[in-house]
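# Breakdown of the fold
So you can see what is in the structure, the chains are spelled out below.
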Amino acid sequence: MAQIIDGKKISLEIKDEVKKEVETLAKKSINPCLAVILVGENPASLVYVRNKKKACEYVGIKSLSYELSSGTTEKELLDLIDSLNKNPECNGILVQLPLPKHINEDKVLLSISPEKDVDGFHPFNVGLLSIGNAVLKACTPAGCIELIKRSGIDISGKKCAVLGRSNIVGKPVSMLLTAENATVTLCHSKTKDIINETKNADIIIAAVGKPKFLKGDMISDGAVIIDVGINRMENGKLCGDVNFDECEKKASFITPVPGGVGPMTIAMLMKNCVLACKSQNKI
Ligand code: NAP
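Residues numbered from 1 in each chain as written. Predicted model: local features only at pLDDT ≥ 70, side-chain atom pairs only at ≥ 80, totals over all residues. Heavy atoms only, no water.

Time to look at the nonpolar core. Residues Leu34, Ile61, Leu177, Ile205 and Met270 are the most contacted members of the largest nonpolar core, which totals 53 residues. In terms of residue count, helix α10 (residues 262-280) provides more of this core than any other element does, 10 residues in total. The two domains that each donate at least three residues to this core are domain 1 (20-114) and domain 2 (139-262). Here Ile61 is in contact with Val18, Val22, Pro32, Cys33, Leu34, Cys56, Met270, Cys273 and Val274, once residues within four sequence places are set aside. In this structure, Val39, Leu77, Ile81 and Cys90 belong to the second largest nonpolar core, which totals 18 residues. (Core = buried A, V, L, I, M, F, W, Y, C linked by side-chain atoms within 4.5 Å. Buried < 20%, exposed > 50% of the residue type's maximum accessible area, 1.4 Å probe, protein only. Helix = DSSP H or I, 4+ residues; strand = E, 2+ residues; numbered from the N terminus. Domains from an automatic or database assignment. Contact = heavy atoms within 4.5 Å.)

A separate point is the packing of helix α6 (residues 139-150) against α10. At their nearest, the axes of α6 and α10 sit 8 Å apart, and the two run at 105° to each other. Taken together, the axes of α6 and α10 are roughly perpendicular relative to one another. Counted together, Cys139, Thr140, Ala142, Gly143, Glu146 and Leu147 of α6 and Met264, Thr265, Met268, Leu269, Lys271 and Asn272 of α10 form the full contact between these two elements. A per-class count over the contact of α6 with α10 returns six nonpolar, four polar and two charged. (Axes fitted to C-alpha atoms, helices over the stretch in contact; angles between N-to-C directions. Parallel < 35°, antiparallel > 145°, perpendicular 65-115°, else oblique. Nonpolar A, V, L, I, M, F, W, Y, C, P; charged D, E, K, R; others polar.)

Moving on, we get to the pattern of salt bridges. The full count for this structure, using the stated rule, is 10 salt bridges. Across the pair Arg150 and Glu13 runs a salt bridge, and its minimum N-O distance is 3.5 Å. Linking Arg150 in helix α6 with Glu13 in helix α1 (residues 7-27), this pair joins segments that are 137 residues apart in sequence. You can call Arg150 partly exposed: its relative accessible area is 30%. With a shortest N-O distance of 2.8 Å, Glu17 and Arg150 are connected by a salt bridge. Remark: Arg150 occurs in helix α6 and Glu17 occurs in helix α1; sequence separation between them is 133 residues. Overlapping salt bridges bring together Glu13, Glu17, Glu146, Arg150 and Lys271 as one network. (Salt bridge = Lys/Arg side-chain N within 4 Å of Asp/Glu carboxyl O.)

What follows concerns the sheet that holds strand β4 (residues 92-95). Taken in spatial order, the three strands of this open sheet run β3-β2-β4, and their pairing is parallel. Both edges of this open sheet fall to β3 (62-68) and β4, since each of them pairs with a single strand only. Across the sheet, the axes of successive neighbouring strands diverge by a mean angle of 15°, strand direction being ignored. As paired strands, strand β2 (residues 33-39) and β4 are joined by four bridges and run parallel to one another. Among the inter-strand pairings, Val36 is bridged to a residue of β4, identified as Leu94. On top of the sheet, helix α3 (residues 74-86) reaches β2, β3 and β4; it is set at about 180° to β2, its chief contact. (Pairing = 2+ DSSP bridges.)

Attention shifts here to a nonpolar patch on the surface. Taken together, the side chains of Tyr48, Ile230 and Leu238 present a nonpolar region at the surface, about 260 Å² in accessible area. Mapping Leu238 onto the fold places it in strand β10 (residues 238-239). For Leu238, a relative accessible area of 31% translates into the label partly exposed. (Patch = residues over 30% accessible without salt bridge, like charges linked within 9 Å, V, L, I, M, F, W, Y side chains within 5 Å. Areas by Shrake-Rupley, 256 points an atom, 1.4 Å probe, with all protein chains shown as cover.)

We now examine the pairing of strand β8 (residues 224-227). Working note: regular strand, side chains alternate between the two faces of the sheet. Along β8, one buried face is formed by Val224 and Ile226 and the opposite face, lined by Ile225 and Asp227, is buried too. Where strand β7 (residues 203-206) lies against β8, four bridges are found, and the strand directions are parallel. Each bridged residue has a counterpart across the sheet, and for Ile204 the counterpart in β8 is Ile225. Relative to strand β11 (residues 253-254), β8 runs parallel, the two sharing two bridges.

The environment of the ligand is formed by 22 residues, the closest being Arg165, Ser166, Ser189, Ile230 and Thr265. A distance of 2.7 Å is found between an oxygen atom of the ligand and a side-chain nitrogen or oxygen belonging to Arg165. At a separation of 3.3 Å, a nitrogen atom of the ligand approaches a polar side-chain atom of Lys210. Coverage of the ligand by the protein amounts to 70% of the 930 Å² it exposes when considered alone. Considering only residue class, the shell around the ligand consists of nine nonpolar, 10 polar and three charged. (Near = heavy atom within 4 Å. Polar contact = N/O pair within 3.5 Å; in protein donor to acceptor, adjacent residues only side chain to side chain.)

Attention now moves to the confidence of the model for the protein chain. Mean pLDDT over the protein chain works out to 97, with 100% of the residues at or above the 70 mark. The weakest mean pLDDT in the protein chain belongs to strand β9 (residues 231-232) at 93; the strongest belongs to β8 at 99. (pLDDT = per-residue confidence, 0-100.)

You can read the domains of the protein chain as domain 1 (20-114) and domain 2 (139-262). Between the C-alpha centres of domain 1 and domain 2 there is a distance of 29 Å.

Given below as structure tokens:
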């Protein structure tokens, strides 16, 4: 039976580390501050934004909240981001996605100053990630790496299969694993014989957005399974991209959903805010 990786516990450890750093910075009169922008009333986004503000309160990061109506124009949003880019008291800017259809998401993400891009989505930061020099790393992928490392698993030299090649999870996590000296196979919907790739892998990161996609007979004994998927089932329950019951019997380590990767994303966001603040203050 696999050891369950407790994302709630590890994310709390990280938030407590961030809290200590925020206290140390406060002694130098440096107070990290995150601007959280929400456009419209997408119910899931409202929950995410509320959780991000709660995490800021917990670690002592000041949060500036902008809850804009769904009728906000692209120009109004870009003007707000421009003013926050210029505001020295604001260290991080987070625009909750998805945005209403009339607003161009790429244009908005590009408008955020790379040094305040705490989500790590700006092409400048993605570029730094690809050459192994990123300070602000995309939060969910960085959270996956922390889960693995803090469970005492050595990534170096391991064969990793990443399932899914999105810009927000699959691609960045494959770059982070490569930077940790893993040999990575990045799989997607056109990959032929995906079972061959997953069976060969010591570590599998599942981020396809398909409930219970990774079955027990697709993995080898002792594999480490990190489940990024968050799928809402008809009964209202959350389900990952991994068939937990089947894989738990064969894996050495496995993350549950909920309570695995999910809580790590916000913890890494808090970490990024402090990193952004320190870098802007030349610390
Ligand atoms: P996405 O943008 O929809 O990308 C899905 C990826 O999976 C694509 O690369 C797609 O391949 C690949 N794929 C789809 N069907 C496949 C199949 N049958 N075989 C192999 N690959 C397949 O999804 P995402 O944004 O990366 O999110 C993935 C999951 O993670 C979702 O459940 C999402 O809710 C969850 N998520 C969780 C967090 C968190 O905080 N825990 C954060 C972000 C996302 P193609 O490129 O060929 O289409």
